[in-house]
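So the chains spell out like this:
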Amino acid sequence: MTETVKTPRRGAASVADSARESAGSAEVVADGTGLVDATGRTTIADVVVSKIAGIATRELDGVHALGGGAARAVGMLRDRIPGSRTNLSQGVSVEVGEKQAAIDIELVAEYGVSIGALATAIRANVIAAVERMTGLEVTEVNIAVTDVHLEGDDDDDDDTEPVAERRVQ
């Protein structure tokens, strides 16, 4: 989806530029994404796409957490440190090219949610958010559901265990 856009040159011109300008407008190839135009090129870092995809995934009901067991454990430790922030790209890995992005998401689903419907909703939300915000074409969104969260099975509530009665005095 490449289109040719004719734009006049600006600023001081060399002899070659003057010759082109006198013949008309200079040609600049635009890629249709808005990332390349007559005035320059925009690159988007992997972490940007990863954060957008992580936020778009968390917006949906039925997603309990992102990441596998080890990533979630590290995330819980980081959350307990005063002043730390939640890692919005936890559980999301991306591959970003010049015009396209591929996204892999690892998550824990809530019990009772249709995993197929949840995966479809996640794909639609992530693709819409990434394409709208970056202009990149999302080629694929792979989703790995690693666990199902049960209502009374909270990792955060381990501090509420009853105190065992002492056996010796």
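Residues numbered from 1 in each chain as written. Predicted model: local features only at pLDDT ≥ 70, side-chain atom pairs only at ≥ 80, totals over all residues. Heavy atoms only, no water.

An unreviewed UniProt entry lists the chain under the name Asp23/Gls24 family envelope stress response protein, with Kribbella hippodromi as the source organism. Comment text from UniProt for the chain, heading Sequence similarities (unreviewed entry), reads "Belongs to the asp23 family." (UniProt positions renumbered as here; feature names shortened; annotations may be inferred.)

Draft legend 1. Layout of the nonpolar core. Core analysis: the biggest nonpolar cluster contains 25 residues, and V49, I103, I105, L107, I122 and V126 have the highest contact counts within it. When residues of this core are traced back to their parent elements, those giving at least two are α2 (46-58), β5 (63-66), β6 (92-96), β7 (100-110), α4 (115-134) and β8 (137-149). With six residues, the single largest contributor to this core is α4. Setting aside residues up to four positions removed in sequence, V49 forms contacts with I44, V94, V96, A101, I103, V130, T134 and L136. (Core = buried A, V, L, I, M, F, W, Y, C linked by side-chain atoms within 4.5 Å. Buried < 20%, exposed > 50% of the residue type's maximum accessible area, 1.4 Å probe, protein only. Helix = DSSP H or I, 4+ residues; strand = E, 2+ residues; numbered from the N terminus. Contact = heavy atoms within 4.5 Å.)

Draft legend 2. Inspection of the packing of α2 against α4 at higher detail. Where α2 contacts α4, the two axes come as close as 9 Å, and the packing angle between them is 140 degrees. Taken together, the axis directions place α2 and α4 in an arrangement best described as oblique. Our pair here, α2 against α4, has a crossing hand that is right-handed. Contacts between α2 and α4 pair V49, I52, A53, A56 and T57 from the former with I122, N125, V126, A129, V130, M133 and T134 from the latter. Looking at the contact of α2 with α4 residue by residue, the class counts come to nine nonpolar, three polar and no charged. (Axes fitted to C-alpha atoms, helices over the stretch in contact; angles between N-to-C directions. Parallel < 35°, antiparallel > 145°, perpendicular 65-115°, else oblique. Left-handed = near helix turned anticlockwise from the far one by under 90°. Nonpolar A, V, L, I, M, F, W, Y, C, P; charged D, E, K, R; others polar.)

Draft legend 3. Focus on α2. Here α2 spans 18 Å end to end across 13 residues, near enough to the 18 Å set by a 1.5 Å rise per residue. Lining the buried residues of α2 we find β5, β6, β7 and α4. (Expected span 1.5 Å × (residues − 1).)

Draft legend 4. Here's a closer look at the environment of L35. In this structure, L35 sits in the loop between β2 (26-30) and β3 (36-37). Residue class for L35 comes out buried when judged on its relative accessible area of 6%. Residues L35 and E98, 63 residues apart in the sequence, show an inter-C-alpha distance of 8.5 Å. Excluding residues that lie within four positions of it along the chain, L35 makes contacts with G40, R41, T42, I44, E98, T134 and L136.

Draft legend 5. The arrangement of α4 in detail. The terminal C-alpha atoms of α4 lie 28 Å apart, and with 20 residues this matches the ideal 28 Å at 1.5 Å per residue to within 8%. Those residues of α4 that fall on the buried side of the exposure criterion are L118, A119, I122, V126, A129, V130 and T134. Each buried residue of α4 lies within a common arc of 110 degrees when the element is viewed along its axis, so the set occupies one face. Projecting away from the buried face of α4 at angles above 90 degrees are the exposed residues T120 and R132. In the core, the buried residues of α4 are packed alongside α2, β5, β7 and β8. The positive-phi residue at the C-terminal boundary of α4 is G135, with phi of around 85 degrees. (Arc of directions from axis to C-beta.)

Draft legend 6. Seen up close, the side chain of T57. Turning to its location among the elements, T57 is positioned in helix α2. For T57, the residues in contact, after removing those within four places along its chain, are V63, L66, I105, L107, I122 and V126.

Draft legend 7. Expanded view of the confidence of the model for the chain. For the chain, the mean per-residue pLDDT works out to 77, and 61% of the residues sit at or above 70. Summarising per-element confidence for the chain, the mean pLDDT is lowest in strand β1 (residues 3-7) (42) and highest in α4 (98). A low-confidence stretch, residues 1-28 (pLDDT under 50), is modelled with 30 contacts involving residues beyond four sequence positions or located in other chains. pLDDT under 50 marks residues 156-161. Its contacts with residues more than four places away, or in other chains, come to three contacts. (pLDDT = per-residue confidence, 0-100.)

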